[in-house]
Amino acid sequence: MQYNDRINKLKDKLVKENLGGMYITNLTNVRYLTGFTGSAGSLLILENEQHFFTDGRYTSQCKKQIKNCQVHIVGSTHYKYIADNKMLPSSLRIGFESDHMNVSTYLQLKEIMSNIQWVHVSGIIEKIAAVKDMLEIDSLKTAIEITDEVFKQIMPELKEGAVEQDIAAKISYLFKMNGAEGDSYESIIGSGWLGALPHARPTDKKFEKGDFVVMDFGALYNGYHADMTRTVVIGEATDRHKEIYNIVLESQLAGIKSAKAGVAGAEVDKACRDVIIDAGYGDKFIHSTGHGIGLEVHTYPRISSLNTKPLLENYVVTIEPGIYLEGWGGVRIEDDCWIQKNQCLPLNKSTKEMLVL
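The following refers to the structure shown. Computed from a prediction, not measured in an experiment: that's the story for all the values here. (Residues numbered from 1 in each chain as written. Predicted model: local features only at pLDDT ≥ 70, side-chain atom pairs only at ≥ 80, totals over all residues. Heavy atoms only, no water.)

Moving on, we come to the sheet that holds strand β4 (residues 70–73). Within the open sheet, the six strands sit side by side as β4-β3-β2-β1-β5-β6. Their pairing is mixed. Each end of this open sheet is capped by a strand with a single partner; those strands are β4 and β6 (117–121). Between one strand axis and the next, the sheet turns by 20° as a mean value, whatever way the strands run. In terms of strand pairing, strand β2 (residues 42–46) meets strand β3 (residues 50–54) through four bridges, oriented antiparallel. From the neighbouring strand, Leu43 faces β3, where its bridge partner is Phe52. Together, β1 (21–24), β2, β3 and β5 (93–97) form the strand contacts of helix α2 (residues 27–34), whose direction differs from that of β2 by roughly 55°. (Pairing = 2+ DSSP bridges. Helix = DSSP H or I, 4+ residues; strand = E, 2+ residues; numbered from the N terminus. Axes fitted to C-alpha atoms, helices over the stretch in contact; angles between N-to-C directions. Contact = heavy atoms within 4.5 Å.)

Looking now at the environment of Ser139. Looking at the element boundaries, Ser139 is found in helix α7 (residues 134–154). Through-space distance from the C-alpha of Ser139 to that of Leu220 is 9.2 Å; in sequence the pair is 81 residues apart. The contact partners of Ser139, leaving out residues within four places of it in the chain, are Tyr221, Asn222 and Tyr224.

Its volume calculated, the largest pocket comes out at about 320 Å³. What lines the largest pocket is a set of 22 residues, among which Asn29, Glu126, Lys127, Thr299 and Tyr300 lie closest to the centre. Looking at which element gives the most residues to the lining of the largest pocket, the answer is helix α6 (residues 124–130), with four residues. Class assignment for the residues of the lining of the largest pocket results in six nonpolar, nine polar and seven charged. Within this model, the second largest pocket holds a volume of roughly 260 Å³. Residue lining of the second largest pocket: 17 residues in total, with His199, Asp216, His291, His298 and Glu320 positioned closest to the centre. Partitioning the lining of the second largest pocket into residue classes produces four nonpolar, five polar and eight charged. (1 Å grid on protein atoms, 1.4 Å probe; cavity = no way out; pocket = protein on both sides within 12 Å on 5 of 7 lines; lining within 4 Å. Points joined across faces, edges and corners; volume = space filled by probe spheres on them. Nonpolar A, V, L, I, M, F, W, Y, C, P; charged D, E, K, R; others polar.)

By size, the foremost hydrophobic cluster in this structure holds 35 residues, and its most contacted members are Leu10, Ile24, Leu33, Leu43 and Phe52. Those elements giving two or more residues to this core turn out to be α1 (2–16), β1, α2, β2, β6, α6 and α7. Contact partners of Leu33, with chain neighbours within four places excluded, come to Tyr3, Arg6, Ile7, Leu10, Ile24, Leu43, Asn68 and Ile125. If you look at the next biggest cluster of nonpolar residues, it comprises 30 residues, including Ala130, Val248, Ala259 and Val263. (Core = buried A, V, L, I, M, F, W, Y, C linked by side-chain atoms within 4.5 Å. Buried < 20%, exposed > 50% of the residue type's maximum accessible area, 1.4 Å probe, protein only.)

Our focus in this paragraph is the packing of aromatic side chains. Inspection of every chain in the model, using the stated rule, returns eight aromatic pairs. When the centroid spacing of 4.8 Å and the interplanar angle of 20° are considered together, the rings of Phe96 and Tyr106 count as stacked. In this pair, Phe96 sits in strand β5 while Tyr106 sits in helix α5 (residues 103–112), placing the two residues 10 residues apart along the sequence. Judged by relative accessible area, which is 6%, Phe96 ranks as buried. The exposure class of Tyr106 is partly exposed, given its relative accessible area of 23%. Between Phe212 and Trp328 the ring centres are 5.7 Å apart and the planes differ by 85°, which places this aromatic pair in the edge-to-face class. Taken together, the residues Phe212 in strand β9 (residues 212–217) and Trp328 in the loop between β16 (322–325) and β17 (329–332) connect sequence positions 116 residues apart. By relative accessible area, which is 2% here, Phe212 ends up buried. Take Trp328: its relative accessible area is 24%, and that puts it in the partly exposed class. Above the ring of Trp328, the side-chain terminus of Arg240 is found at 4.3 Å from the ring centroid. It is Arg273 that lies over the ring of Phe285; its NZ or CZ is 3.9 Å from the centre. (Phe/Tyr/Trp six-rings, centres within 6.5 Å; stacked < 30°, edge-to-face > 60°. Lys NZ or Arg CZ within 6 Å of the ring centre and 35° of its normal.)

If you want it as structure tokens, here you go:
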């Protein structure tokens, strides 16, 4: 059972960190370790036991989803229940997710269980979760296949006079019609000068002749997030369109070629960035090259100049360089890529040829 394997990997890590257990409150991490998909739950992992806490709304759901923990249906705050039931021996070192717990909760935790040594930990579960098992990769593949299919289906709508917000709404509809749970995130549809904003949100702007349209969207399937970007031209492509597009495509292909297990995220970023710098647009590539995907759309690792850690086999990451020219437009090309021992395998099948629509 994959959830037992994941908890055992966490326990091994806790032993190495000299921790007697961990209290987990981030719902994504709770889901990763148990399969629970509800909106209220926490976990207490100890050396020889694990406890799951939720409320009465999820009694039936827990019976179906939680197979690797003792379930506690709690009418009070979860950590108060832990304290009231004396579930932690005195002086135990227990980790907590410092990236996800607010200061107020932490202070209450310390006060109500002052006999425990609370140790802040960061990224332990996220780094375990970055290495995907085949069930996860299959879910990601399905999300990506749906995304590719929706791009094909939305293509006839991409024409002069189309409205950014309308295109985003139609993409959301098509995701569900093609078997997705919905959008992986709010689609970015940036046409013309708005395409120079890397995280542009859809507006009532209409597509105009000569617009680049940056389309960043993805389907959500079984909790797993696809994340693809394609950039198209409306009506007519000039030499400038072709120049900028081809530089970004060359950059993205260089990143894919460089990536494999053992190569640092910073090296992949450099491979992409060097192409754009050499073309004279280095200051127009204004974000990192990519990130991990999984139960969240932005997960460990970062593909950036700051990440000197090697990529590991079965990471799934994005590679998404871009050029953004203020007042004119932008180009970004993004694939979801499966890191393998000797290669990087793009999972998206949508064409990266510059489309003039």
